Amino acid sequence: MKKMKKIELVIESLYLNKLIELFDKKGISGYTIIKDIEGKGEHGIKSADEVTDVFKNNYVFTVCDEEKLMNIVEDIRSFIKRNGGRCIVSDVSWVL
């Protein structure tokens, strides 16, 4: 097993392409996107059955080494300040 970092984000659908561009720019080559998630946060309940993507949320996660995390963490912080969303980073083990 290899020690890695897992980056998890919940963002509005409207900003998904900007996040993917950031990942590409910073060398994050693999990620998973789960669209139309539901939940409750600071802005109330977000439903997955909205008419347009504008009010929908997506869950995005990736796994990277510590070096890539340190290279992207400030960019993610800026991204969230501009566009909203939440980010969690945790320690994980990658089974090889």
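Right, let's walk through the structure included here.

Reading the values: rules and limits
Residues numbered from 1 in each chain as written. Predicted model: local features only at pLDDT ≥ 70, side-chain atom pairs only at ≥ 80, totals over all residues. Heavy atoms only, no water. Helix = DSSP H or I, 4+ residues; strand = E, 2+ residues; numbered from the N terminus. Buried < 20%, exposed > 50% of the residue type's maximum accessible area, 1.4 Å probe, protein only. Phe/Tyr/Trp six-rings, centres within 6.5 Å; stacked < 30°, edge-to-face > 60°. Lys NZ or Arg CZ within 6 Å of the ring centre and 35° of its normal. Pairing = 2+ DSSP bridges. Salt bridge = Lys/Arg side-chain N within 4 Å of Asp/Glu carboxyl O.

## Quick notes on unusual backbone geometry
No. 1: A positive phi angle, near 60 degrees, is found at Asp36, a position not held by glycine.
No. 2: Mapped onto the secondary structure, Asp36 falls in strand β2 (residues 32-37).
No. 3: You can call Asp36 partly exposed: its relative accessible area is 32%.

## Some remarks on the packing of aromatic side chains
No. 1: Using the criterion set out here, one finds two aromatic pairs in the structure.
No. 2: When the ring of Phe23 is compared with that of Tyr31, the centres are 5.8 Å apart and the planes differ by 50 degrees; the resulting orientation is tilted.
No. 3: For Phe23, a relative accessible area of 0% gives the class buried.
No. 4: Ring centres 5.8 Å apart and planes at 40 degrees place the aromatic pair Tyr59 and Phe61 in the tilted group.
No. 5: Residue Tyr59 is classed as buried on the basis of its relative accessible area of 17%.
No. 6: The positively charged end of Lys6 is found above the aromatic ring belonging to Phe61, 4.8 Å away from the centroid.

## Looking at the pairing of strand β1 (residues 2-12)
No. 1: As paired elements, β1 and strand β6 (residues 86-94) share nine bridges and run antiparallel to each other. Of the residues in β6, the one forming a bridge with Lys3 is Ser93.

## Some thoughts on the pattern of salt bridges
No. 1: In total, this model carries six salt bridges according to the counting rule given.
No. 2: A salt bridge links Lys5 to Glu66; the shortest N-O distance between them is 3.6 Å. In this pair, Lys5 sits in strand β1 while Glu66 sits in helix α2 (residues 66-83), placing the two residues 61 residues apart along the sequence.
No. 3: Of the residues examined, Lys5 reaches a relative accessible area of 15% and is grouped as buried.
No. 4: Glu66 sits in the partly exposed class, given a relative accessible area of 43%.
No. 5: One salt bridge in this structure joins Glu8 and Lys6, with 3.9 Å as the shortest N-O distance.
No. 6: Residue classification places Glu8 among the buried positions, given a relative accessible area of 18%.

No statement about biological role is implied by the geometric values presented.
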